[in-house]
Amino acid sequence: MLRLEAVSKTFQRRGCPVVALQPTSLEVNAGEYVAVVGPSGSGKTTLLSILGGMLAPSSGKVYLDGQSLYDLSVTRRTQMRGSRIGFVFQTFNLVPYLTALQNVQIPLYLSGKSPREQRRLAQAVLERLGLGDRMQHKPGELSVGQQQRVALARTLANDPALILADEPTGNLDPETREQVLQLFDQFHAEGRTLMMVTHDPAAAARAPRTLRLVGGGVTELSTVGRVQVA
Amino acid sequence: MRLATLIGREMGERPVPMVTCLLAIVLGVTALVAIRTVTYFSEMAVAREMDSLGANVLILPKGVGVQDYYAADMHGETLPEEYVQRITLSKLQGVDNLSPKLCVPAKLNGDSVTVTGILPKSEFQAKAAWAGAGIFNHPIGCGAHSGVPDNRPVDPKALARKRVIETLGEREVLVGAEVADRHHLHEGDSIELLGGKFTVLAVLPVTGSVDDGRVFAHLHTVQELAGKGEVVNVIEVVGCCKQIAAGLVDGLNKLLPEARVVTIKQVVQTQQNVNQLMERLSLLFLAVLLAVGGAAMASALYANVSERRKEIGTLMALGATPAFILRLIVGKAVVLGVVGGIGGFLVGSVAALWLGPQLANVTVRPLPSLAALALGIAVAVTLLASLLPAWRAARLDPCICFKEV
């Protein structure tokens, strides 16, 4: 599903190169559930951005379903991201002036669906996540747990094969965190591929495979590793 | 969900910066519309005023000076009457009316009076039409009239004001107020002048000029009775001010090299100055609109994009292309431009209704044609102002969606 070939990322800070990701080759099969752990500044978000087609690597190739992501035009890559990849954010990133229903409609609208189709699919996914009675509420009128479920509904709207989550439980109370992790288990069971960046050891433990990032270098912590740090 | 929904909801979420932006645009357009409207009606009023003043160009024999505008024909020198036809058949733009005149001394009941021969407009119109040229090569009235045909009967007393008469019979006279008073003449009375009998068509109102002491008769009758031949002392021309400035006088000089062409420069110049001042003021306000409105809009949109970086990054993560982000920001600017343009036109028109009588002593009414101008300018300004912020938004790093902003 996902393949990284000698991918590295180096930023320039005040004229000095800063290595965010050392040359890494990595393969993630379809349907895998992978946790990425590591201290702050270790390159987790950089890795997630590269995998999501939002940050071109300094070197190497990233393949999604055999297609080299960064050989595509910006528009084509954006379209592929919208249709194949779903994102989950630590702070949910809901659009504050839109209702829950409208927030979930956004990826559907961006993928070119008609307003009627957007509405039908968004209602279905919100009902699935237990938010049928909160569709017309704005994020500010929802609890933190409800907001994260709206964000998850938005992630699922286009039925993505790959879900990239950045600290999805970082802002949640234990009960809500458990609800979210159960939903992740469900997504995994449905055959989706999940990559979850987390600081939470308990959350990481839910994933069958864990990668550890330290100083921009990736090491395999558990299960079937296909990691090699070049 | 549609683009309009996203733009509309976002504008509703942040009304204060939006209202501030809108205010700058509305004020700019208001100033533009108000001053343009007042200028337009002021120009119309001044043009009408000029029309009522009468001739503003005199064609005289060479070597004749003008000491008194109203007595410019009292010099004894003559020009061929044929010059009138030459003017009407020419391609000259800006000749609104013509009045050839011949003055001869005469006795009325033993008292000396000046008889002035005038040619009614209907006669040289007929000559020009007969010659196939039609009357004058431009709309009569220099744009000062409404364009609606005026079917009211022509008042011969208007000669005192307009210095041109529409029709006059060969044995009819118009009598100046002073002469009529001295000889107790009234409309319909018969008098004898230059050995011929005439009927008083009308008694002219007091003008305060030498015309009060004159008797006006048909030019050809005066020429015949005085034995002067086909000559005149002066041709008074009512010229449009803009065309006078644009070369009417030069044109007349070229057309009639044997004559002297004199303009009532002061009157024309004053009108030109007022019009130019109004036009410059209008342009100044347009510049203020461009500068203040555009800068306020650009600044507000720039701030808006900065404030929405995470939202824009998230939209990109969800599949929004840079072109979509561009449309999102430019679309907002266009909405503000349309609302600002319409609002500015409405407020500006209302302001003009009040300012017209105050500033220019004219009654004004809204000019619908300015709505398109106001809308076009407002949208163009907002569109231009949005380009840089929109370009910046479209180039935002989508990875910002992962960061705390």
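Residues numbered from 1 in each chain as written. Chains lettered and ligands numbered in written order. Predicted model: local features only at pLDDT ≥ 70, side-chain atom pairs only at ≥ 80, totals over all residues. Heavy atoms only, no water.

(A) Molecular detail of the overall build of chain A. Helices and strands together make up the secondary structure of chain A, namely seven helices and 11 strands. Looking at the 230 residues of chain A, the share that counts as buried comes to 54%. Taking as baseline every contact in chain A between residues at least 6 positions apart, the subset at least 24 positions apart corresponds to 67%. When the accessible surface of chain A is split by element, carbon and sulfur atoms take 49% of a total near 9200 Å². (Helix = DSSP H or I, 4+ residues; strand = E, 2+ residues; numbered from the N terminus. Buried < 20%, exposed > 50% of the residue type's maximum accessible area, 1.4 Å probe, protein only. Contact = heavy atoms within 4.5 Å. Areas by Shrake-Rupley, 256 points an atom, 1.4 Å probe, with all protein chains shown as cover.)

(B) A look at the sheet that holds strand S10 (residues 234-239) of chain B. Residue and element names in this part refer to chain B. Ordered in space as S6-S7-S5-S8-S4-S3-S10-S1-S11, the nine strands form an open sheet in which the pairing is mixed. In this open sheet, the two edge strands, each paired with only one partner strand, are strand S6 (190-193) and strand S11 (259-263). The sheet shows a mean angle of 35 degrees between the axes of neighbouring strands, taken without regard to direction. Pairing of strand S1 (residues 57-61) with S11, which is carried by five bridges, proceeds in the antiparallel orientation. Residue pairing for S11: Pro-61 is matched across the bridge by Ala-259. Strands strand S3 (95-108), strand S4 (111-118), S6, strand S7 (196-203) and strand S8 (214-218) of the sheet are contacted by helix H7 (residues 219-226), whose axis makes an angle of about 35 degrees with S3. (Pairing = 2+ DSSP bridges. Axes fitted to C-alpha atoms, helices over the stretch in contact; angles between N-to-C directions.)

(C) Structural detail: the sheet that holds strand S3 (residues 33-37) of chain A. Residue and element names in this part refer to chain A. The mixed open sheet is built from six strands, whose spatial order is S6-S7-S8-S3-S9-S10. In this open sheet, the two strands that pair with only one neighbour each are strand S6 (85-88) and strand S10 (217-220). Each adjacent strand pair in this sheet contributes to an overall mean axis angle of 20 degrees, direction not counted. In the sheet, S3 pairs with strand S9 (residues 209-214) via four bridges, with the strands oriented parallel. Residue pairing in the sheet places Val-37 in a bridge with Arg-212 of S9. Lying on the sheet, helix H6 (residues 174-189) is in contact with S3, S6, strand S7 (162-166) and strand S8 (193-197); it crosses S8 at an angle near 150 degrees.

(D) Spotlight on the interface of chain A and chain B. Every contact between the two is made by 28 residues of chain A and, on the other side, 28 residues of chain B. Of the roughly 2600 Å² buried where chain A meets chain B, counting both sides, 67% is carbon and sulfur surface. Interface area lost by chain A to chain B is led by Tyr-97, Tyr-109 and Leu-110 of chain A, which between them contribute 27%. Inspection of the chain A/chain B interface yields zero salt bridges. Linking chain A with chain B are eight residue pairs in polar contact (both at pLDDT 80 or more). Considering every element that reaches the side of chain A that touches chain B, the biggest residue donor is helix H3 (residues 100-110) of chain A, with six residues. When its residues are assigned to classes, the side of chain A that touches chain B shows 15 nonpolar, 10 polar and three charged. (Buried area = accessible area lost by both parts, 1.4 Å probe. Salt bridge = Lys/Arg side-chain N within 4 Å of Asp/Glu carboxyl O. Polar contact = N/O pair within 3.5 Å; in protein donor to acceptor, adjacent residues only side chain to side chain. Nonpolar A, V, L, I, M, F, W, Y, C, P; charged D, E, K, R; others polar.)

(E) Seen up close, the pairing of S3 of chain B. All names here are of chain B. Most of S3 sits out of view: 12 of its 14 residues are buried. Relative to S10, S3 runs antiparallel, the two being bridged by six bridges. In the sheet register, Ser-99 faces S10, and the bridge partner there is Glu-236. As defined by bridge partners, S3 adjoins S4 across eight bridges and the pair is classed as antiparallel.

(F) Looking closely at the packing of aromatic side chains. Per the stated rule, a full pass over the model turns up four aromatic pairs over all chains. Geometrically, the ring pair formed by Tyr-109 of chain A and Phe-324 of chain B is edge-to-face, given 5.7 Å between the ring centres and 65 degrees between the ring planes. On the criterion of chain membership, the pair formed by Tyr-109 of chain A in helix H3 and Phe-324 of chain B in helix H11 (residues 322-360) is interchain, its members lying in two chains. A relative accessible area of 18% places Tyr-109 of chain A in the buried class. Taking the relative accessible area as the measure of exposure, Phe-324 of chain B reaches 4% and is therefore buried. Ring centres of Phe-184 of chain A and Phe-187 of chain A lie 6.0 Å apart, and the angle between their planes is 35 degrees; this geometry places the pair in the tilted category. (Phe/Tyr/Trp six-rings, centres within 6.5 Å; stacked < 30°, edge-to-face > 60°.)

(G) A look at the pairing of strand S5 (residues 172-175) of chain B. All names here are of chain B. Both S5 and S7 contribute to a ladder of four bridges, which runs parallel. Opposite Glu-172, over in S7, you have Thr-199 as the bridge partner. Two elements, S5 and S8, share three bridges in a ladder whose sense is antiparallel. Looking at the pairing, Leu-174 lines up with Phe-216 of S8.

(H) Representation of empty space enclosed by the protein. Evaluated as defined, the whole model comprises two cavities of 30 Å³ or more. Space inside the largest cavity adds up to approximately 80 Å³. Looking at the largest cavity, the residues that line it are Arg-81, Gly-82, Ile-85, Gly-86, Phe-87, Pro-107, Arg-154, Thr-155, Asn-158 and Pro-160 of chain A together with Ala-317 and Leu-318 of chain B. Listing elements by their share of the lining of the largest cavity, those giving two or more residues are helix H2 (74-84), S6 and helix H5 (144-156) of chain A. In terms of residues, the lining of the largest cavity owes the most to one element, S6 of chain A, which gives three residues. (1 Å grid on protein atoms, 1.4 Å probe; cavity = no way out; pocket = protein on both sides within 12 Å on 5 of 7 lines; lining within 4 Å. Points joined across faces, edges and corners; volume = space filled by probe spheres on them.)

(I) Representation of unusual backbone geometry within the structure. For Glu-167 of chain A, which is not glycine, the phi torsion reads 45 degrees and is therefore positive. Here Glu-167 of chain A shows up in the loop between S7 and H6. Of note, the phi angle at Asn-109 of chain B is positive, near 55 degrees, even though the residue is not glycine. Relative to the assigned elements, Asn-109 of chain B resides in the loop between S3 and S4.

(J) Structural view of the packing of H11 of chain B against helix H12 (residues 369-394) of chain B. All names here are of chain B. Where H11 meets H12, the axes come as close as 7 Å, and the angle between the chain directions of the two elements is 150 degrees. Judged by the inter-axis angle, H11 sits roughly antiparallel to H12. Read as a crossing pair, H11 and H12 show a hand that is right-handed. (Parallel < 35°, antiparallel > 145°, perpendicular 65-115°, else oblique. Left-handed = near helix turned anticlockwise from the far one by under 90°.)

By themselves, these figures tell us nothing about what the structure is for.
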